[in-house]
Amino acid sequence: MGRNTRKRRSPLAVRAVAASAALAIGGGGLIWANFYASAHETNSSPNTTKAAAAQVATISCPDVGQQLTSVPANAKSNVDAELATLDKQITEAYARLASSRQAQANDAGFVQNAILSPLKDKRSAVIGRIKIDFTRVGAAAPTTLDGLAACTGTTANQAQTTAGGQNNGQQNNGGQNNNGQNNGGQQNGGQQNNGGASASAAPSASAPANIGGQAGNGPVAADFVDITKVAANVQGKPQKSANASRGTFTTACGVNANKNHNTDNVIVAPGVTNGAHHLHDYVGNQKVNAFSSNNTFLQGGTSCQNKNDLSSYYWPVVRLQNGTQDFDQNADGGGKEGNVGKILTPVQAQIKYVGSPASKVVAMPQFLRIITGDAKTTTNGLANANAHWSCTGFENKVQLTSQYPICPQGSNVVRTFAFQSCWDGQNIDSANHRTHVAFPDPASGVCGNGFKAIPQLTMRLVYKIAPPVLQNGVVKNAYAVDGFPEQLHKSATDHDDFISVTTGGLANKIANCINTGKQCR
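The sections below set out a description of the structure shown in this document. (Residues numbered from 1 in each chain as written. Predicted model: local features only at pLDDT ≥ 70, side-chain atom pairs only at ≥ 80, totals over all residues. Heavy atoms only, no water.)

### A closer look at the overall build of the protein chain
- For the protein chain, the helix and strand inventory stands at 10 helices and 25 strands.
- Among the 521 residues that make up the protein chain, the fraction classed as buried is 60%.
- In the protein chain, of all internal contacts separated by at least 6 residues, the share reaching a separation of at least 24 is 80%.
- When the accessible surface of the protein chain is totalled, it reaches about 19,400 Å², and 50% of it is carbon and sulfur. (Helix = DSSP H or I, 4+ residues; strand = E, 2+ residues; numbered from the N terminus. Buried < 20%, exposed > 50% of the residue type's maximum accessible area, 1.4 Å probe, protein only. Contact = heavy atoms within 4.5 Å. Areas by Shrake-Rupley, 256 points an atom, 1.4 Å probe, with all protein chains shown as cover.)

Spelled out as structure tokens, the structure:
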């Protein structure tokens with residue numbers, strides 16, 4: 001048994017998050033806009049904002065999970081528990097950062113001495129226990145773990161640069177490397193206000209700057225761009241060979257109109273309540289939570305019209321930051337952790353499996369897990385980003401990774417995902433949830449390293465959102481994807497999760513439809 005990671009948040013963390021969220025929400029958009037405006041100066045461009053350079057906006061910690069490409073089966077539960085502890089420590093450190101802005105203004109060494117140094121000591125102890133977990137089962141932990149304890153403070157400007165700034169170009173394969181080494185899965189951090197005043201006090205003019213957003217942790221004006229002013233950047237697809245699999249299979253599973261939400265992530269944090277620390281929409285399988293298993297998936301029921309499709313399709317919700325509150329305003333993973341505003345339900349959710357331009361496909365194995373994108377690009381960089389944002393009428397011209405689009409009147413916001421479509425032929429998951437699947441070569445569409453082509457899952461989510469307004473370096477009525485505290489609600493952190501669960505031979509039917517060039521439902 002792994003250690004119990006379902007611990008209550010420390011009183012300090014609860015107080016810090018609740019107070020900052022109360023401040024941001026209490027005055028609605030007015031306090032948010034005024035607090036934000038006082039903390040920034042505008043550039044020459046009305047579409048950008050410059051955060052105070054010296055502000056420590058977030059905490060950046062090395063991703064221990066991505067180094068664990070192989071974990072012995074007998075050590076996995078303990079290692080998973082320790083990884084959850086590392087993420088909990090980041091949550092608490094971020095809460096400390098949020099609640100101590102005045103102390104930071106008075107003491108230039110406060111962040112290092114009072115937050116980062118203690119965090120390093122705590123992380124060192126956990127990493128030591130992970131190494132012991134390996135040793136107990138006769139294995140050796142990666143030697144690289146020893147250098148991953150220290151974290152750094154990152155300014156708002158540095159975070160914007162790491163997250164891609166205003167680079168609107170598409171990433172090859174959505175930015176993910178073909179070997180899928182970076183974990184990029186869920187991190188058990190908590191969102192909160194980065195502006196840090198108490199609920200009863202006005203923000204201090206001498207305190208480090210709030211970075212914007214309804215809860216003080218983003219997004220900012222620089223995270224948005226008028227899509228009509230972005231040059232076309234959509235790249236051509238590989239030419240199809242004579243052996244290409246040209247068919248498709250579409251499954252209709254709804255838009256989560258029944259509000260099936262939770263803040264768990266059974267792929268990355270099994271057994272940990274609120275392991276995602278943000279809210280997910282679920283379609284397909286209707287009984288997915290931290291404690292689900294392969295056995296319970298088969299009894300979960302489905303929102304899909306094809307009742308043999310019990311697969312779980314889930315993604316972080318999008319919220320409109322217009323000063324309103326939703327049902328989870330006072331809940332973990334919601335307002336307590338900086339995910340605030342009105343939850344938006346897609347007006348369309350299209351799920352389609354497509355083929356390979358280079359070969360026929362093999363059926364997906366039962367219970368295959370795939371995470372696409374990286375929920376931690378603000379600190380990890382864009383190597384595994386697979387976020388694609390656009391607007392109806394522009395999807396074949398412009399796809400954005402590092403900014404949210406401002407769509408013209410009559411056009412809707414579109415999120416699209418194209419999952420990894422090469423499988424190692426053996427494993428339904430891997431220790432870092434990456435290495436068992438990969439993207440094909442972007443030029444030829446061929447799977448490398450002995451991997452096999454499988455049906456590529458694609459998803460298209462459409463939202464009806466009034467265009468945000470950029471004025472004097474401030475964005476009003478912003479929208480943003482739910483995320484983790486250190487990620488600042490950047491668009492590049494968008495990601496999607498999938499567990500393949502089928503009955504009645506559906507997996508083979510999907511592959512056969514694709515291989516024979518049919519358009520099936």
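### With respect to the state of the cysteines
- Tallied over the full model, the rule gives 5 disulfides.
- Between the sulfur atoms of C253 and its disulfide partner C304 the distance amounts to 2.0 Å. The disulfide joining C253 to C304 has a torsion of about 90° about its S-S bond and is therefore right-handed. With a gap of 51 residues between them, C253 in the loop between β6 (248-251) and β7 (261-262) and C304 in the loop between α8 (294-297) and β9 (312-316) connect regions that are remote in the sequence. With respect to class, C253 is no different from C304; both count as buried.
- Cysteines bonded in the protein chain are numbered consecutively along the chain; their disulfide partners then correspond to 1-2, 3-4, 5-6, 7-8, 9-10. (Disulfide = S-S within 2.5 Å.)

### Notes on the environment of V474
- Tracing the chain through its elements places V474 in strand β22 (residues 474-476).
- In the structure, V474 is positioned 254 residues away from V220 in sequence and 7.0 Å away in space, judged by C-alpha atoms.

### Let's talk about a positive patch on the surface
- Where like charges cluster on the molecular surface, the positive patch consists of K237, K240, R246 and K360.
- Counting through the fold element by element, R246 comes out in the loop between β5 (224-226) and β6. (Patch = residues over 30% accessible without salt bridge, like charges linked within 9 Å, V, L, I, M, F, W, Y side chains within 5 Å. Salt bridge = Lys/Arg side-chain N within 4 Å of Asp/Glu carboxyl O. Lys, Arg positive; Asp, Glu negative; His and termini not counted. Charge placed at Lys NZ, Arg CZ, Asp CG, Glu CD.)

### Quick notes on the packing of aromatic side chains
- On inspection of all chains with the given rule, the structure shows 9 aromatic pairs.
- Measuring from ring centre to ring centre gives 5.0 Å for W389 and Y404, while their planes differ by 75°; the resulting arrangement is edge-to-face. With W389 in strand β14 (residues 388-391) and Y404 in strand β15 (residues 404-406), this residue pair connects regions lying 15 residues apart in the sequence. Neither residue differs from the other here; W389 and Y404 are each classed as buried.
- The interplanar angle of 50° and the centroid separation of 6.3 Å between the aromatic rings of W389 and Y479 together place this pair among those described as tilted. Placement of W389 in strand β14 and of Y479 in strand β23 (residues 478-481) is noted, with a sequence separation of 90 residues between them. Y479 carries the same exposure label as W389, and that label is buried. (Phe/Tyr/Trp six-rings, centres within 6.5 Å; stacked < 30°, edge-to-face > 60°.)

### Digging into the side chain of R101
- Positionally, R101 belongs in helix α5 (residues 101-106).
- Using a relative accessible area of 2% as the deciding quantity, one classes R101 as buried.
- In terms of polar contacts, R101 uses its side chain to reach the side chain of Q104, at 2.8 Å. (Polar contact = N/O pair within 3.5 Å; in protein donor to acceptor, adjacent residues only side chain to side chain.)

### Considerations on the environment of L457
- Relative to the elements of secondary structure, L457 occurs in strand β20 (residues 456-463).
- Setting aside anything within four residues of it in sequence, one finds L457 in contact with Y313, I351, K352, Y353, F417, A418, F419 and F498.

### A word on helix α10 (residues 506-515)
- Counting buried residues along α10, 7 of its 10 residues qualify, which places the element largely inside the surrounding structure.
- Burial in α10 covers these residues: L506, A507, I510, A511, C513, I514 and N515.
- Where α10 terminates, the next one or two residues include G517, which has phi positive at roughly 75°.

### What about the side chain of S312?
- Assignment of secondary structure puts S312 in strand β9.
- Overall, S312 belongs to the buried group, its relative accessible area being 1%.
- Aside from chain neighbours lying at most four places away, what touches S312 is Y282, V283, N285, V288, D497, F498 and I499.

### Concerning the sheet that holds strand β11 (residues 342-344)
- If you trace the 3 strands from one edge of the open sheet to the other, you get β11-β10-β23, paired in antiparallel fashion. This sheet does not close on itself; its edge strands, each paired only once, are β11 and β23. Neighbour-to-neighbour, the strand axes of this sheet turn through a mean angle of 35°, independent of strand direction.
- With 3 bridges connecting them, strand β10 (residues 318-321) and β11 associate as antiparallel partners. Among the inter-strand pairings, R319 is bridged to a residue of β11, identified as I343. (Pairing = 2+ DSSP bridges. Axes fitted to C-alpha atoms, helices over the stretch in contact; angles between N-to-C directions.)

### Remarks on the nonpolar core
- The biggest cluster of nonpolar side chains holds 60 residues, and the ones touching the most others in it are Y313, Y353, W389 and Y479.
- Per-element tally for this core: the top contributor is α10, with 5 residues. (Core = buried A, V, L, I, M, F, W, Y, C linked by side-chain atoms within 4.5 Å.)

### Quick word on the pattern of salt bridges
- Per the stated rule, a full pass over the model turns up 11 salt bridges.
- A salt bridge links R136 to D133; its shortest N-O distance comes to 3.9 Å. With a gap of 3 residues between them, R136 and D133 both fall in helix α6 (residues 110-136), about one helical turn apart.
- Exposure remark for R136: the relative accessible area of 62% places this residue in the exposed category.
- Via salt bridges that share partners, R319, D328 and D482 belong to a single interconnected network.

### What about unusual backbone geometry?
- Looking along the chain, the bond that leaves G218 and enters P219 is cis, with omega of 5°.
- Counting through the fold element by element, P219 comes out in the loop between α7 (156-162) and β5.
- Of note, the phi angle at N472 is positive, near 55°, even though the residue is not glycine.
- On the secondary structure map, N472 appears in the loop between β21 (469-471) and β22.
- A positive phi is found at L488, a non-glycine position, where the angle reads about 60°.
- If you trace the backbone, L488 turns up in the loop between β23 and β24 (495-499).
- Here L488 falls in the buried class, since its relative accessible area comes to 2%.

### Notes on the pairing of strand β3 (residues 56-60)
- By the criterion of burial, β3 is predominantly enclosed, with 5 of the 5 residues buried.
- Sheet topology note: the β3/strand β4 (residues 152-155) ladder contains 4 bridges and is antiparallel. Each residue of the ladder has a partner; that of S60, found in β4, is T152.

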